[in-house]
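Structural description and commentary
Here is how the chains run, residue by residue.
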Amino acid sequence: MVIRELKLYWIAFSADGSFMLFIFAITRLMAENQSTILELGILGGLSSICYALCAPLGGRCSDIWGRRQVIAVGAVVHIVILLASVYLQLSTFGFYIMGALVGASVGFLHPPVIAWLTQGGVSHLGSNLTSQRLFWFCVSWNVGMITGQALGGWSFPVDPVLPLWIAIFLMSSVLIVILFENSSINPPIHFAKKKNTDSLKVQESLRTFVYLGWTANFAGAMGMSLIIYLLPHLIHELGISSPIHGMMLVANRITVLLTYSIMKVLTFWRYRFSITLLVQFIALIGLMFLTYSSTILFLTIGLILFAFLTSYNYFSSIFYSTTSFDGRHQGLASGMHEATLAIGFGVGSFGGGIVGVWGGSRVPYQMVSLVLLLCVLIQLLIYYRRRELL
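First things first, this report covers the structure right here in the doc. If you're wondering where the values come from, they're calculated on a predicted model, not measured in any experiment. (Residues numbered from 1 in each chain as written. Predicted model: local features only at pLDDT ≥ 70, side-chain atom pairs only at ≥ 80, totals over all residues. Heavy atoms only, no water.)

**Remarks on the nonpolar core**
Residues Phe-137, Tyr-260 and Tyr-314 are the most contacted members of the largest nonpolar core, which totals 109 residues. Broken down by element, the residue count for this core peaks at 16 residues, all from helix 9 (residues 197-237). Setting aside residues up to four positions removed in sequence, Phe-137 forms contacts with Tyr-9, Ala-12, His-110, Val-113, Ile-114, Leu-117, Tyr-314 and Ile-318. Membership of the second largest hydrophobic core comes to five residues, among which are Cys-54, Cys-61, Val-70 and Phe-108. (Core = buried A, V, L, I, M, F, W, Y, C linked by side-chain atoms within 4.5 Å. Buried < 20%, exposed > 50% of the residue type's maximum accessible area, 1.4 Å probe, protein only. Helix = DSSP H or I, 4+ residues; strand = E, 2+ residues; numbered from the N terminus. Contact = heavy atoms within 4.5 Å.)

**A few points about the pattern of salt bridges**
Under the criterion given, the structure shown has two salt bridges. The salt bridge involving Arg-133 is made with Glu-5; its shortest N-O contact spans 3.0 Å. Separated by 128 residues along the polypeptide, Arg-133 in helix 7 (residues 127-155) and Glu-5 in helix 1 (residues 2-32) bring together distant segments of the chain. The exposure class assigned to Glu-5 is buried, which follows from its relative accessible area of 15%. The partner of Glu-32 in a salt bridge is Arg-28, and the shortest N-O contact between them spans 3.1 Å. Taken as a pair, Glu-32 and Arg-28 lie in helix 1 at a separation of four residues, close to a single helical turn. Using a relative accessible area of 6% as the deciding quantity, one classes Arg-28 as buried. (Salt bridge = Lys/Arg side-chain N within 4 Å of Asp/Glu carboxyl O.)

**Notes on unusual backbone geometry**
Unlike most non-glycine residues, Tyr-271 shows phi in positive territory, near 60°. The topology assignment puts Tyr-271 in the loop between helix 10 (242-265) and helix 11 (273-292). Overall, Tyr-271 belongs to the partly exposed group, its relative accessible area being 33%.

**Brief notes about the packing of helix 2 (residues 37-65) against helix 5 (residues 110-117)**
Packing of helix 2 against helix 5 brings their axes to within 7 Å, and their N-to-C directions diverge by 40°. Classified by the angle between their axes, helix 2 and helix 5 sit oblique to one another. Judged by the sense of rotation from one axis to the other, the crossing of helix 2 with helix 5 is right-handed. Facing helix 2, whose interface residues are Tyr-51, Ala-55, Gly-58, Gly-59 and Ser-62, helix 5 presents His-110, Pro-111 and Pro-112. Each residue belonging to the contact of helix 2 with helix 5 can be placed in one class, and the counts come to four nonpolar, four polar and no charged. (Axes fitted to C-alpha atoms, helices over the stretch in contact; angles between N-to-C directions. Parallel < 35°, antiparallel > 145°, perpendicular 65-115°, else oblique. Left-handed = near helix turned anticlockwise from the far one by under 90°. Nonpolar A, V, L, I, M, F, W, Y, C, P; charged D, E, K, R; others polar.)

**Quick word on the environment of Leu-370**
You can see Leu-370 is positioned in helix 14 (residues 363-386). Along the backbone, Leu-370 and Leu-284 are 86 residues apart, and their C-alpha atoms lie at a distance of 9.3 Å.

**Points about a nonpolar patch on the surface**
Together, Leu-83, Tyr-87, Val-158, Leu-162 and Trp-165 make up a nonpolar patch on the protein surface, roughly 490 Å² of accessible area in all. Taken together, the elements giving at least two residues each to the nonpolar patch come down to helix 3 (67-87) and helix 8 (162-179). (Patch = residues over 30% accessible without salt bridge, like charges linked within 9 Å, V, L, I, M, F, W, Y side chains within 5 Å. Areas by Shrake-Rupley, 256 points an atom, 1.4 Å probe, with all protein chains shown as cover.)

Right under this line is the structure:
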């Protein structure tokens, strides 16, 4: 069982590492070739929307046909796309197609991994083991992002396609790992035939925080989409080199990992709406730094402050999503969690690109600030309308 868990963590690491290597190389290449901020936004939007569409599908397919099979399909498609990106002479339109397909392929990787790690839900694993597995999953994919961003920043000046070859190596290892996984079907889980009324009420009350988490995910993901897809344009405008650019992103992800660590050890944040509001206020300060700063130091501070929101949202939302639904729907619930993030990514990329063309490369961060405030109002409405269930 421990070996299987390590394999799943490696898949999470490699999937995000490969994805970030691809995105870093493509967005940096487009920025250096004078692509507009709208074109970068379209790339990010297409990738994210395709991920949003495929994540619930990938999760549900893994509920029906098995986690291993769906992961293998996602890995094969991902490798084919990367090879095509290396050998084909792609135009901007070609980058759009590859970005969309890469996003779709990752949608068949993450939800089955999450569902496999949390198979049976909290009633089968217990809240501590569930939290522990989710923590290491989050650590794995974030370390993958850090590795991809850092390797992308340092390998891109050597050769623009070198990050893609590193990504191919990572995804090939995923295919090897999953093909040698012995379990070809989902582990058998025994469910109670009938739940009592008290159990149903508790589950319904917990879902209040699922809906709050999904709403918060939208604004946080919008901001993160700007950092991944549109920030290269601002960084290039300011004359910041690709290695420094990569390390600024690493600082963002390290903050995410530290936040995950705190949330794993301490449980004060669980089912407390006040913590959610506090984190979103901190993120607004970070967005102000990204809107008005021009130095490496203050831009990095902005990235660090915003990282508190993305990390808190992700960990709390995935915890609530995987502990509030029964085991028959683990894949679907995991896919819905990922989809809310991806929709935010898509809207942020498209919307940020459009307003960036209209008002300049700083305006997208002001847009996200307004959306974040709107999401806070929606969360307040959800919380006070459902508080009698808590």
